[in-house]
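Breakdown of the fold
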Amino acid sequence: MAITSDVLKRAREIVTTYQPEPEIGEVGEVLEVQDGIARVRGLRRAMLGEVLLFGRRGLRGQVLGLERECLQCILFGDYTALHTGDPVFRTGGVLEVPAGEELLGRVVNPLGEPLDGEGEVVCRGRKRVFSPAPPVIDRVPVQRPLLTGIKIIDAMIPLGKGQRELIIGDRRTGKTTIALDAILNQRGKGVFCIYVAIGQRLANITQVVEVLRKYKALEYTIVVATSSEDPPALVYLAPYAGCAMGEYFMEQGEDVLIVYDDLTKHAVAYRSLSLLLRRPPGRESYPGDIFYIHSSLLERSAQLAESRGGGSMTALPIVETQEGDIASYIPTNIISITDGQIYLASDLCNKGFFPAINIGLSVSRVGGEAQTPIMKKVARRLRLDLAQYFELEEFARFGADLDVITRKQLEHGKRVLELMTQTYFAPLPLGVEIFEVFAATQGFLDSIPLEKVKLWEQQLVAHLYSEHRPLLERLEKERDLTQDLEEEMRKVLAAFNEQFLAGA
Amino acid sequence: MRDEERVRVVTPFPLTGEQKDIISAKLSRIIPKPFTIEEEVDPSLIGGVVILWGELLIDCSVKTQLERLRERILREEGFSHGDHQ
Amino acid sequence: MIRVDRSIIFQIVNFVALVLLLFRFLFKPVVKALDARSSHIRGELERIEEEKRSLEEERKKLEEELRNLKTKYLEMLDQANREAQRIKETIIQEAYREAEKIKRDYERRAQREIERIFTELREDIVDIAEEVVKKILKTQITPEVQTQIIEDMLEEAVRRIEAEMEIAHEG
């Protein structure tokens, strides 16, 4: 085979030109290995944050602490074969991960090693895992919308590219689902997505990958996965590795969406490491730099200025609360770092209201800046309508006798709310969202019986897709809601309502 | 503060007197205090010598050179299918 | 000779009276009835004619409508056909794109597999070469060669360390 002879020829060249050289290195010795932490003697010149090689199997670790007589290192991998006395070598380098388009569609661990059984990922680029956030001069304010395809969010808690928006709620309230919906909605929009699973159960991670695969989102997404089985050092590393992979794209002028699922588990892993490293525990036994751990991560998401390529990285960190307590340590930390939060309430879940977003407690501090002008206009009424409705709802619960106007408002509000619910993994395009919000706030639902609203929605969407695509496109593209555009929407809705009510 | 006095010298064959002298002479240029040589035999080195003083490792073994050669060869790009379309 | 009898005159008068009576009470009504009947019949005939005409008109109208419906039906059929055709084409295109994608997927996977095999192959070849070299070297390294190696390499190493130590001193 020609290939063999080529190999041999190259090899011969290398061999003949090779100059043997002695190697002068530093060797350290493993003093102690415990729960993913190793103490190393020697290697006096090793620096904080440097990557070391342990034993003869290339196990990597990082120096996190310098003690008088030894180094404290965290180990990124299976350390069960490591013994006291094993040699430790310096690499002189900091931690890097592979980065590039070759990672898209793959499931990897934070070191870039494949987890999906499809062979090694050979990447052109490498990126430092820990690097400083872009300085002020390189940034511009968040201006471009990032659409999640979820009506409530895109209308009232709109997200922009480069924003950090926290998704917070108790367990099983749909946090991951919202993040996945956002990822699914980026299909065909040229946004690279990264889903970082931090210490999740393997079953959950598998489910997520399946969902991404099923809705054809995997092809533009990187999954960085650590499970609860992985050593805490790897779990700690996961979000930073994902962030680095995202930065690679951002610096090339691309848009990135990254999901950190979830930072609560990340905090716990870091706490374990810190305690094992004998660092002094603070509030709730978390180390003193637990805030910095998360702020340094989230500050790396930004909208870069044109001079830096104009790329962006939008972060959706997820935090799990206990009993709805958003005032506890980690949640308050992250709320103060992010540009807003989407609050998922378990009582809304129990009532069957999905997505279970508590609009009152949710906010997007970027808000209107990141909305298209038409949606902005249309959503203003929505906020008012819902606010009014919630007020009245309280009132009505006490069975008070209501006058006709109030009752009408109540019924209107109920229908608006009903229309705002949405099933999972079904993100909607902007044009349809605008139409629905418009229909709701302009009273086109008032004549429809409450239990038929969802059916109405289904049929309307189908109708819009088949007959009014150009109108939908106009809604997405145009700069303002002109009279004539509004008229057209009204006409379409009136005609549709007639048909619907007649058919019913 | 390095471990003074003790220097581990590993060779594939037992040291001859001549070899020991050579080693002592050279090492004394970099090791300030008097030291003693602990000899060790490791045939896997094939040739040359490995010296361990405290945390300083001086690797002059043939084995390591072979390993480096091997790495060099395997790291070469252009061996992939792309070249042979 | 005809004897003019009073009875004849009476008979004649009777007869005339009878005729007159008949006329008045029988003939006239009968004729009237007959007339009435005939005009009634005529009227009926006319009516039938009218109806025939209006039916004819209706028939014509219906035919027209039928024709229109037929045309419309044909149009709808045509449109449906075109729509079906369009859908068919879309489906075909989709299928084609899917097939392309699958093909590219497989190509990529095949490529990766080939690369993997190549990497393994390279490693195997180098492994074998290494083994061979080691075997040979083991026999080739005489004490003289060993001494030489130590002399040369260690000298190099020591020189380097000396240089570093100088720099450290100066610093």
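Residues numbered from 1 in each chain as written. Chains lettered and ligands numbered in written order. Predicted model: local features only at pLDDT ≥ 70, side-chain atom pairs only at ≥ 80, totals over all residues. Heavy atoms only, no water.

Bringing the overall build of chain C into the picture now. Regarding its fold elements, chain C presents two helices and zero strands. For a compact globule of 171 residues, the expected C-alpha radius of gyration is about 16 Å, and chain C comes in at 66 Å, more than 25% above that figure. Principal-axis analysis of the C-alpha atoms gives chain C an extent of 200 × 45 × 15 Å. Out of the 171 residues in chain C, the part that is buried amounts to 9%. (Helix = DSSP H or I, 4+ residues; strand = E, 2+ residues; numbered from the N terminus. Rg over C-alpha atoms; globule rule 2.2 N^0.38 Å. Buried < 20%, exposed > 50% of the residue type's maximum accessible area, 1.4 Å probe, protein only.)

On to the sheet that holds strand 16 (residues 312-320) of chain A, then. Residues and elements named next belong to chain A. In spatial order, the strands read 8-14-13-15-16-12-17-18; together these eight strands make up an open sheet with mixed pairing. This sheet does not close on itself; its edge strands, each paired only once, are strand 8 (107-108) and strand 18 (363-364). Note: strand 15 (residues 255-261) against strand 16, six bridges, orientation parallel. Directly across from D255, in strand 16, lies its bridge partner S312. Against the sheet, helix 3 (residues 175-184) makes contact with strand 12 (166-169), strand 13 (191-200), strand 14 (221-227), strand 15, strand 16 and strand 17 (340-344), and its axis sits at roughly 165° relative to strand 16, the strand it touches most. (Pairing = 2+ DSSP bridges. Contact = heavy atoms within 4.5 Å. Axes fitted to C-alpha atoms, helices over the stretch in contact; angles between N-to-C directions.)

Our focus in this paragraph is the interface of chain C and chain A. Across the contact, 13 residues belong to chain C and 13 residues belong to chain A. Looking only at chain C, the three residues that lose the most surface to chain A are C:R112, C:I125 and C:R160, adding up to 38% of its buried area. At the boundary of chain C with chain A, the tally comes to three salt bridges. C:R160 is the partner of A:E21 in a salt bridge, and the nearest nitrogen-oxygen pair spans 3.7 Å. For the pair chain C and chain A, the interface holds one residue pair in polar contact (both at pLDDT 80 or more). Within the residue set of the side of chain C that touches chain A, elements represented by two or more residues are helix 1 (6-140) and helix 2 (143-170) of chain C. Sort the elements by how many residues they give to the side of chain C that touches chain A and helix 1 of chain C lands first, with seven residues. Split into classes, the residues belonging to the side of chain C that touches chain A amount to six nonpolar, no polar and seven charged. (Buried area = accessible area lost by both parts, 1.4 Å probe. Salt bridge = Lys/Arg side-chain N within 4 Å of Asp/Glu carboxyl O. Polar contact = N/O pair within 3.5 Å; in protein donor to acceptor, adjacent residues only side chain to side chain. Nonpolar A, V, L, I, M, F, W, Y, C, P; charged D, E, K, R; others polar.)

All names here are of chain A. Along strand 12, one buried face is formed by L166 and I168 and the opposite face, lined by I167 and G169, is buried too. With four bridges joining them, strand 12 and strand 17 adopt parallel strand pairing. Paired with L166 across the strands is Q341, a residue of strand 17. Relative to strand 16, strand 12 runs parallel, the two being bridged by three bridges.

Let us now look at the pairing of strand 15 of chain A. Residue and element names in this part refer to chain A. Of all seven residues making up strand 15, seven are buried, and the element is well covered by its neighbours. Neither face of strand 15 is open: one carries D255, L257, V259 and D261, the other V256, I258 and Y260, and all of them are buried. Pairing geometry for strand 13 and strand 15, over seven bridges, is parallel. Bridge pairing in strand 15 places V191 opposite D255.

With that settled, the discussion passes to the environment of B:L74. Secondary-structure assignment places B:L74 in helix 2 (residues 62-75). Given a relative accessible area of 18%, B:L74 falls into the buried group. Along the primary structure B:L74 and B:I46 are separated by 28 residues, whereas in three dimensions their C-alpha atoms are 22 Å apart. Those residues in contact with B:L74, other than ones at most four positions away along the chain, are C:R122, C:E123 and C:V126.

Following A:D261, the chain continues into A:D262 via a peptide bond in cis, with omega recorded as -10°. Along the chain, the position of A:D262 falls in the loop between strand 15 and helix 6 (263-276). At the junction of A:F354 and A:P355, the peptide bond is cis and its omega measures out at -5° in the coordinates. Along the chain, A:P355 turns up in the loop between helix 9 (346-350) and strand 18. With phi around 50°, A:L43 is a residue other than glycine that occupies positive phi space. Along the chain, A:L43 falls in the loop between strand 2 (37-42) and strand 3 (50-54). Although it is not a glycine, B:I46 sits at a positive phi angle of roughly 70°. Along the chain, the position of B:I46 falls in the loop between strand 2 (36-41) and strand 3 (48-53).

Quick look at the interface of chain C and chain B now. By a widespread convention, an interface's size corresponds to the accessible area lost as its parts come together. The interface is formed by 29 residues belonging to chain C together with 31 residues belonging to chain B. Buried surface at the junction of chain C and chain B, summed over both partners, amounts to about 2800 Å²; 71% is from carbon and sulfur atoms. Across the contact surface, chain C and chain B share six salt bridges. Linking C:E155 and B:K26 is a salt bridge whose minimum nitrogen-to-oxygen distance equals 2.5 Å. Run the count over chain C and chain B and you get eight residue pairs in polar contact (both at pLDDT 80 or more). Looking at the side of chain C that touches chain B, the elements with two or more residues in it are helix 1 and helix 2 of chain C. The element contributing the most residues to the side of chain C that touches chain B is helix 2 of chain C, with 15 residues. Of the residues assigned to the side of chain C that touches chain B, the class counts are 15 nonpolar, three polar and 11 charged.

Another point: helix 1 (residues 17-28) of chain B. Residues and elements named next belong to chain B. For helix 1, built from 12 residues, the straight-helix expectation of 16 Å at 1.5 Å per residue is met to within 8% by its first-to-last C-alpha distance of 16 Å. Those residues of helix 1 that fall on the buried side of the exposure criterion are Q19, I22, I23, K26 and L27. Along helix 1, the residues classed as buried sweep out an arc of 120° about the axis, all on the same side. Exposed residues pointing more than 90 degrees away from the buried face of helix 1 are listed as E18 and D21. (Expected span 1.5 Å × (residues − 1). Arc of directions from axis to C-beta.)

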